[in-house]
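One letter stands for each residue in the lines below.
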Amino acid sequence: MNLYGGIDLGGTKIYSIVAGADGSVLGEDERPTLPDHGLEVCIERMTESLAAAASSAGTATSALAAVGVAAPGPIEFRDGIVSAAPNLGWTDVPLRSFLSDRLGVNVVLENDANAAAYGEFIYGAGTPYDTIIYVTVSTGIGGGFILDRRLFQGASGAAAEVGHMVVEPDGPICNCGSVGCLEMLASGTAIGRSATAAVEGGRDTILRELAADPTEVTAEVVAEAAARGDAVANEILDDAARYIGIAFGTLINLLNPQAIIVGGGVSRLGARMIEPITAEARRRSFRQSFEDCLILPAALGRRVGALGTVALAADA
Ligand SMILES: [Zn+2]
């Protein structure tokens, strides 16, 4: 059986697997990225992590048929370049050639959310369908489109930036330079920011007591407070769900997908978020298109990006 490597490069950790084309994971490794130590150290850590995963699978990196890599930020897929990854401090890094030179095997590079979309399509919640949208809601919001069984990359590989759909024309300024992007209103970071503002604004809420640091309330604390019936926390989650639902309504009208699959930390809230998101999407989309589309939680958990790159490497 051919074995493939998959590396999911994040701002805080590197997660590597060695797996068969059927998605069976035989070895894995996780270690901190340490982006402050510079590009060379980061690439060294990626190769060490993959070697450790290969070793635990009883093989070596050089014996792998191909390696897939998921990186944050837009990718120029033809040249294998990470165009911009602010949380790594990278601009125009030719990651594919750096890694293929060191590993001595063919490397496929993809944006992390696109890779995750492909992972859910091949191995996860998207397997019954031909056209799906994957949306991850965690620190930021990312997306990937599988259209007629193909990963849709756009002109240079930067397609499906769902987090930068404008859902509030006069909303907060986004890091991307635009205003009112979904990511600024409904990501885990945005939920935490709203909660901190509620505490600092003196609102009557248990967020103040639950937060380790009331000047920096996290989305996890908001979820806990909401589950305990806190009205302010529930209002914050409802606002985020409404914005996500507005974006989903537009995506349903534009692409008529069979499913929108929701991953990332916020998706772990399950029905608490999926139900209000679905209700808002219904109000915002054509009836037939809405009825064609299921809004589902992701199935693959933390392995999703790495498994997606394995599937891409196996296809290459
Ligand atoms: Zn933006």
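Residues numbered from 1 in each chain as written. Predicted model: local features only at pLDDT ≥ 70, side-chain atom pairs only at ≥ 80, totals over all residues. Heavy atoms only, no water.

A. Focus on the overall build of the protein. Per the secondary structure count, the protein includes eleven helices and 13 strands. At 20 Å, the protein has a C-alpha radius of gyration in line with the 20 Å of a compact globule built from 316 residues. Taking the principal axes of the C-alpha coordinates as reference, the protein spans close to 60 × 45 × 35 Å. When the 316 residues of the protein are sorted by exposure, 53% land in the buried category. Considering the protein, the positive charge centre built from 21 side chains and the negative charge centre built from 38 side chains are found 4 Å apart. (Helix = DSSP H or I, 4+ residues; strand = E, 2+ residues; numbered from the N terminus. Rg over C-alpha atoms; globule rule 2.2 N^0.38 Å. Buried < 20%, exposed > 50% of the residue type's maximum accessible area, 1.4 Å probe, protein only. Lys, Arg positive; Asp, Glu negative; His and termini not counted. Charge placed at Lys NZ, Arg CZ, Asp CG, Glu CD.)

B. Looking closely at the nonpolar core. By size, the foremost hydrophobic cluster in this structure holds 47 residues, and its most contacted members are Leu182, Leu207, Val222 and Phe248. Elements represented by at least two residues in this core include exactly strand E9 (132-137), strand E10 (141-147), helix H4 (182-186), helix H5 (188-200), helix H7 (219-227), helix H8 (231-255), strand E12 (259-263) and helix H9 (271-283). For this core, the leading source of residues is H8, giving 13 residues. By size, the runner-up hydrophobic cluster in this structure holds 30 residues, among which are Tyr4, Ala19, Ala116 and Ala259. (Core = buried A, V, L, I, M, F, W, Y, C linked by side-chain atoms within 4.5 Å.)

C. Spatial organisation of the coordination of the zinc ion. Protein coordination at the zinc ion: the donors are His164 (ND1), Cys174 (SG), Cys176 (SG) and Cys181 (SG), at 2.0 to 2.4 Å from the metal. The coordination sphere of the zinc ion comprises four donor atoms, whose angles at the metal cover 104 to 118 degrees; the geometry is tetrahedral. Site description for the zinc ion: donor spacing in sequence, H-x9-C-x1-C-x4-C. (Donors = N, O, S within 2.8 Å, 3.2 Å for Na, K, Ca; no water. Tetrahedral: all angles 85-135°; square planar, octahedral: opposite > 155°, others 65-115°.)

D. Quick peek at empty space enclosed by the protein. Under the counting rule described, the total for this entry stands at one cavity of 30 Å³ or more. Its boundaries defined by the atoms lining it, the largest cavity holds a volume of some 30 Å³. If you trace the largest cavity, you find it lined by Ile244, Val262, Val266, Ser267, Gly270, Met273, Ile274 and Ile277. For the lining of the largest cavity, the leading source of residues is H9, giving three residues. (1 Å grid on protein atoms, 1.4 Å probe; cavity = no way out; pocket = protein on both sides within 12 Å on 5 of 7 lines; lining within 4 Å. Points joined across faces, edges and corners; volume = space filled by probe spheres on them.)

E. Spatial organisation of the pairing of strand E6 (residues 81-85). Here E6 lies mainly inside the structure; four of its five residues are buried. As judged from the two bridges shared by strand E5 (residues 75-76) and E6, these two strands associate in the antiparallel manner. Each bridged residue has a counterpart across the sheet, and for Ile75 the counterpart in E6 is Val82. The antiparallel pairing of E5 with E6 creates a hairpin that spans four residues between the two strands, and Gly80 there sits at a positive phi of about 65 degrees. One ladder, built from three bridges, connects E6 with strand E7 (residues 90-93); its direction is antiparallel. Paired with Ala84 across the strands is Thr91, a residue of E7. (Pairing = 2+ DSSP bridges.)

F. Quick look at the packing of aromatic side chains. One pass over the structure, following the stated rule, counts one aromatic pair. Considering the side-chain rings of Tyr118 and Phe121, the 5.9 Å spacing of their centres and the 45 degrees angle between planes classify their relative orientation as tilted. Note that Tyr118 and Phe121 are positioned in helix H3 (residues 112-123) at a spacing of three residues, about one turn of the helix. Phe121 shares its class with Tyr118; the two are buried. Geometry around Tyr243 places Arg242 over its ring, the cationic atom sitting 5.6 Å from the centre. (Phe/Tyr/Trp six-rings, centres within 6.5 Å; stacked < 30°, edge-to-face > 60°. Lys NZ or Arg CZ within 6 Å of the ring centre and 35° of its normal.)

G. Molecular detail of the sheet that holds E12. With mixed pairing, the five strands of this open sheet are ordered in space as E11-E10-E9-E12-E13. Strands with a single pairing partner mark the edges of an open sheet, and in this sheet they are strand E11 (150-151) and strand E13 (294-297). Bridge count between E9 and E10: six bridges; the pairing is antiparallel. For Ile133, the partnering residue across the bridge sits in E10 and is Phe145. Here H3 sits on the sheet in contact with E9, E10, E11 and E12, set at roughly 50 degrees to E10. Against the sheet, H8 touches E9, E10, E12 and E13, its axis set at about 160 degrees to E9. (Contact = heavy atoms within 4.5 Å. Axes fitted to C-alpha atoms, helices over the stretch in contact; angles between N-to-C directions.)

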